[in-house]
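Commentary on secondary and tertiary structure
Letter by letter, the chains look like this.
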Protein chains: 2
Amino acid sequence: MPSRKASAPVTTANRGPTAKATIRDVAALAGVSLMTVSRAMKQPQQLAPETLARVRAAMDQVGYVPNMAAVSLRLSQTRLVAAIVPTLATHVFDTMLAALTAALAKEGYEVLIGQTQYQPGREVDLVRTTLGRRPDGILVTGSVQDKTVRNLLAASGIPVIEAGDLVRNHVDMAVGMSNEKLGAAVCSHLAGLGHQRLAIFSGDDDRAQRRNKAFAREAARLGLPPVHVVLVPPPTSHPVGRKLMADLLDHGPRVDAIYCGSDMTAAGVLSECRERGIAVPGEIAVIGTGDTDFAQALYPPLTSVRVDGARIGECAAAMFLERFAGKPQEQKSVDVGFTIVERESTRMESSARQRESSRA
Amino acid sequence: MPSRKASAPVTTANRGPTAKATIRDVAALAGVSLMTVSRAMKQPQQLAPETLARVRAAMDQVGYVPNMAAVSLRLSQTRLVAAIVPTLATHVFDTMLAALTAALAKEGYEVLIGQTQYQPGREVDLVRTTLGRRPDGILVTGSVQDKTVRNLLAASGIPVIEAGDLVRNHVDMAVGMSNEKLGAAVCSHLAGLGHQRLAIFSGDDDRAQRRNKAFAREAARLGLPPVHVVLVPPPTSHPVGRKLMADLLDHGPRVDAIYCGSDMTAAGVLSECRERGIAVPGEIAVIGTGDTDFAQALYPPLTSVRVDGARIGECAAAMFLERFAGKPQEQKSVDVGFTIVERESTRMESSARQRESSRA
DNA sequence: TTGTATGCGTTATCAC
DNA sequence: GTGATAACGCATACAA
């Protein structure tokens with residue numbers, strides 16, 4: 001019966017310098033049992049003051065940090081929340097993750113981030129790997145369409161939040177705004193400013209497409225001419241925006257206003273217009289998406305559709321924490337809305353400063 | 001002796017719908033032992049084809065995903081790399097993390113990200129918590145100065161990379177560039193363009209300070225007047241940049257050129273100058289740091305010091321993987337250098353397009 | 001106030 | 001080719 005106790009105890013000493021100290025090392029050093037060390041962390045008041053001091057000294061001496069893998073296994077709880085985003089290189093996601101991380105950290109949860117890099121195939125693998133870490137909750141960006149992923153998430157038995165995109169058939173919970181409403185609002189906003197011939201430059205991902213569709217539908221409803229839509233694969237960039245604008249000016253139809261799926265694309269459009277001496281908003285109005293921090297720094301300052309990433313992150317954190325606490329889920333779906341932040345790039349001479357916002 | 005086998009076996013069925021399937025559930029369903037299931041994943045060729053098929057069918061049926069907490073505990077290896085950054089909302093860090101994540105993912109490693117939000121006190125807690133996850137390696141941004149953190153990292157026994165800031169006394173490994181060289185290079189670059197009265201707008205963090213000091217030293221060496229340094233707490237923003245510029249113009253000394261510790265600050269400076277009708281670079285030249293994606297979108301396009309975050313991330317990943325493979329560590333320190341990307345904001349009428357770069 | 005025994009889910013080792 | 005067993009580090013129930 002070669003049990004741990006029967007054979008020579010394994011300690012930091014004979015495991016080499018690379019091994020981390022365990023609760024056993026601390027116990028041995030302090031001359032107490034494992035339980036006493038465990039209690040020194042969880043219920044210190046239950047211990048005799050001198051025992052506690054001895055244990056704490058031992059913990060410091062060996063640099064003891066509890067092994068969360070063991071804790072997780074024992075408690076079936078990892079205090080880990082996973083977040084799957086397309087990329088970290090987009091402002092909205094950063095903001096969301098920062099808020100999510102901060103809010104969860106207060107309750108002792110950490111956030112494990114996964115990036116799909118906009119590769120659809122990678123999402124399945126990523127979700128599977130991630131679920132292997134047994135997070136206590138998982139947040140995915142956008143709505144989950146892939147059947148395999150949906151099943152994986154549903155079968156995981158943990159709270160799932162689809163963030164940033166409000167759809168009806170969410171797996172579990174959702175927080176974000178309606179891309180349909182957004183597309184329609186932008187269209188009617190531009191129409192309200194007197195623009196007739198509208199164009200869209202956007203990524204070809206699912207969310208953008210639904211925005212575009214709603215935009216086009218609204219244009220039709222308002223009796224405007226067909227919208228000129230140009231799609232490009234993400235990620236967007238300044239050169240891409242310039243190129244799209246150059247192509248439009250050279251070969252495309254004449255337009256009064258352009259809605260860009262990202263502020264970076266819009267920035268490229270502004271640059272190309274400046275280069276060619278085209279007045280913005282005089283000849284062409286431009287509006288972006290995301291209200292990135294640099295939108296106000298562009299020339300002219302860029303009108304943009306602001307989605308409050310921080311609020312999404314905070315809401316998501318709150319929803320997770322409620323579920324972790326076993327509370328009845330109040331809301332399965334939260335609409336944080338969006339705001340059209342108007343700056344010079346769409347401002348008509350006579351139009352006063354204006355804000356338009358949507359909330360469900 | 002109430003062992004698992006003696007009592008009723010616990011399976012997914014009687015643990016409720018929320019519990020994830022374990023290797024035991026799969027084994028029971030396939031009518032094989034635990035080891036056979038384990039082997040079906042690790043050494044499938046060792047199994048009889050029909051057995052393998054049966055096990056795989058069972059795995060699919062219950063949606064089995066191995067519990068990494070258990071694997072980690074068993075193997076003393078988490079396939080997790082931790083990265084501590086000040087914030088996700090800075091382009092260089094995003095780029096670095098994206099590259100790091102992508103490179104490590106190929107080898108089956110995931111990246112656990114922690115944000116200090118520039119709060120010095122939070123770093124200790126964060127590192128401690130993070131080490132509790134027993135990552136196989138840890139990357140920290142900037143050089144580690146805090147004694148406690150240094151000890152914690154050194155005692156962890158895992159590969160440690162200090163990224164983005166090359167210092168002599170790194171804990172283990174380092175990849176990045178020298179902030180001293182950077183500061184000096186920017187100063188001499190501006191001096192080379194004929195500027196005499198120089199100013200710096202920067203964050204008050206350690207790295208920025210060392211840049212500034214080197215900048216000032218270089219100015220002195222070149223016989224220029226004292227540098228006007230203005231420090232602000234991070235994070236930087238467009239309004240902050242504007243405010244700093246407004247204050248300088250209203251109350252500060254006259255300057256020919258301003259070096260900004262971030263592109264966002266520089267963008268604010270450009271906006272304020274435009275507002276006041278001050279010619280850039282005619283009256284004042286402006287240079288930023290980071291070569292953010294929007295630098296080229298500003299007006300005038302912003303000269304900026306580019307640090308290749310992606311390269312830092314890739315280098316770090318390669319260094320980690322080498323150590324994980326047990327290979328002798330080739331280099332403990334890698335200098336990825338930096339590049340001054342010159343655009344309109346510093347370009348003198350007669351000066352041709354120019355690039356300046358440093359590599360150790 | 002402190003200690004002992006057991007199992008969380010997995011894999012290495014040995015046995016058949 | 002397959003199975004039984006112990007152990008990874010920790011926390012809970014139960015004893016003392």
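As recorded in an unreviewed UniProt entry, chain A goes by LacI family DNA-binding transcriptional regulator and comes from Ramlibacter cellulosilyticus.

**As for the interface of chain A and chain B**
Listed by partner, the interface residues are 50 residues for chain A and 50 residues for chain B. Buried surface at the junction of chain A and chain B, summed over both partners, amounts to about 4,500 Å²; 58% is from carbon and sulfur atoms. Per-residue buried area on chain A facing chain B is highest for Glu-110, Arg-133 and Arg-134 of chain A; these three make up 15% of the total on that side. For the pair chain A and chain B, the interface holds two salt bridges. Counting only elements with at least two residues in the side of chain A that touches chain B, the list comes to helix 5 (68-75), helix 6 (91-105), strand 2 (110-115), helix 7 (120-132), helix 8 (147-156), helix 11 (238-251) and helix 12 (263-276) of chain A. Take the side of chain A that touches chain B: its biggest share by element is six residues, from helix 7 of chain A.

**Observations regarding helix 5 of chain A**
Given 3.6 residues per helical turn, the α-helix brings residues three or four places apart onto the same face. All names here are of chain A. Burial in helix 5 covers these residues: Met-68, Ala-69 and Ser-72. One face of helix 5 carries all of its buried residues, which in axial projection span an arc of 105°. A side-chain oxygen of the first residue of helix 5 lies 2.8 Å from the backbone nitrogen of Ala-69; this N-cap is Asn-67. Looking one or two residues beyond helix 5, the residue adopting positive phi is Ser-76, at roughly 50°.

**Some points on the nonpolar core**
Formed by 91 residues in total, the largest nonpolar core has its most connected members in Leu-100 and Val-175 of chain A together with Leu-100 and Val-175 of chain B. Those residues within four positions of Val-175 of chain A in sequence are excluded, and the remaining contacts are Ile-161, Glu-162, Ala-163, Gly-164, Asp-165, Leu-166, Ile-312, Cys-315, Ala-316, Met-319, Val-334 and Val-336 of chain A. With 48 residues, the next largest nonpolar core counts Cys-273 and Ile-284 of chain A together with Cys-273 and Ile-278 of chain B among its residues.

**Topic: the side chain of Ser-345 of chain A**
Residue and element names in this part refer to chain A. Among the structural elements, Ser-345 can be located in the loop between strand 12 (338-341) and strand 13 (355-358). For Ser-345, a relative accessible area of 0% translates into the label buried. Looking at Ser-345, its side chain comes within polar contact range of the main-chain nitrogen of Thr-303, at 2.8 Å. The contacts of Ser-345, once residues within four sequence positions are left out, are Val-280, Pro-281, Ile-284, Ala-285, Val-286, Pro-300, Pro-301, Leu-302 and Thr-303.

**Quick look at the pattern of salt bridges**
Residues and elements named next belong to chain A. Across all of its chains, the model carries 34 salt bridges over all chains by this definition. With its nearest N and O atoms 2.3 Å apart, the salt bridge here joins Arg-210 to Asp-165. Highlighted residues: Arg-210 in helix 10 (residues 206-221) and Asp-165 in the loop between strand 4 (160-163) and strand 5 (173-176), separated in sequence by 45 residues. Classification of Asp-165 as buried rests on a relative accessible area of 0%. Residue Asp-291 is joined to Arg-343 by a salt bridge in which the shortest nitrogen-to-oxygen separation is 2.9 Å. Of the two residues, Asp-291 is situated in the loop between strand 9 (285-289) and strand 10 (303-306) and Arg-343 in the loop between strand 12 and strand 13; the sequence distance between them amounts to 52 residues.

**Looking at the environment of Lys-181 of chain A**
Within the secondary structure, Lys-181 of chain A is located in helix 9 (residues 179-192). Take Lys-181 of chain A: its relative accessible area is 36%, and that puts it in the partly exposed class.

**Describing the packing of helix 1 (residues 23-30) of chain B against helix 2 (residues 34-42) of chain B**
All names here are of chain B. At a minimum axis distance of 8 Å, the contact between helix 1 and helix 2 shows a crossing angle of 105°. As summarised for this structure, helix 1 and helix 2 are arranged roughly perpendicular, according to the angle between their axes. Mapping the contact onto sequence places Ile-23, Arg-24, Val-26 and Ala-27 in helix 1 and Leu-34, Val-37 and Ser-38 in helix 2. Classifying every residue of the contact of helix 1 with helix 2 by side-chain character gives five nonpolar, one polar and one charged.

**Side note on the state of the cysteines**
Where two cysteines share a covalent bond between their sulfur atoms, that bond is called a disulfide. As enumerated under the stated definition, the model contains zero disulfides over all chains in all. Cysteine Cys-273 of chain A shares no disulfide, and the gap to the nearest cysteine sulfur, in Cys-260 of chain A, comes to 9.4 Å. Not part of a disulfide, Cys-187 of chain B finds its nearest cysteine sulfur in Cys-260 of chain B, a span of 15 Å. On the basis of relative accessible area, Cys-187 of chain B is assigned to the buried category, the value being 0%.

Parameters at a glance
Residues numbered from 1 in each chain as written. Chains lettered and ligands numbered in written order. Predicted model: local features only at pLDDT ≥ 70, side-chain atom pairs only at ≥ 80, totals over all residues. Heavy atoms only, no water. Contact = heavy atoms within 4.5 Å. Buried area = accessible area lost by both parts, 1.4 Å probe. Salt bridge = Lys/Arg side-chain N within 4 Å of Asp/Glu carboxyl O. Helix = DSSP H or I, 4+ residues; strand = E, 2+ residues; numbered from the N terminus. Buried < 20%, exposed > 50% of the residue type's maximum accessible area, 1.4 Å probe, protein only. Arc of directions from axis to C-beta. Polar contact = N/O pair within 3.5 Å; in protein donor to acceptor, adjacent residues only side chain to side chain. Core = buried A, V, L, I, M, F, W, Y, C linked by side-chain atoms within 4.5 Å. Axes fitted to C-alpha atoms, helices over the stretch in contact; angles between N-to-C directions. Parallel < 35°, antiparallel > 145°, perpendicular 65-115°, else oblique. Nonpolar A, V, L, I, M, F, W, Y, C, P; charged D, E, K, R; others polar. Disulfide = S-S within 2.5 Å.

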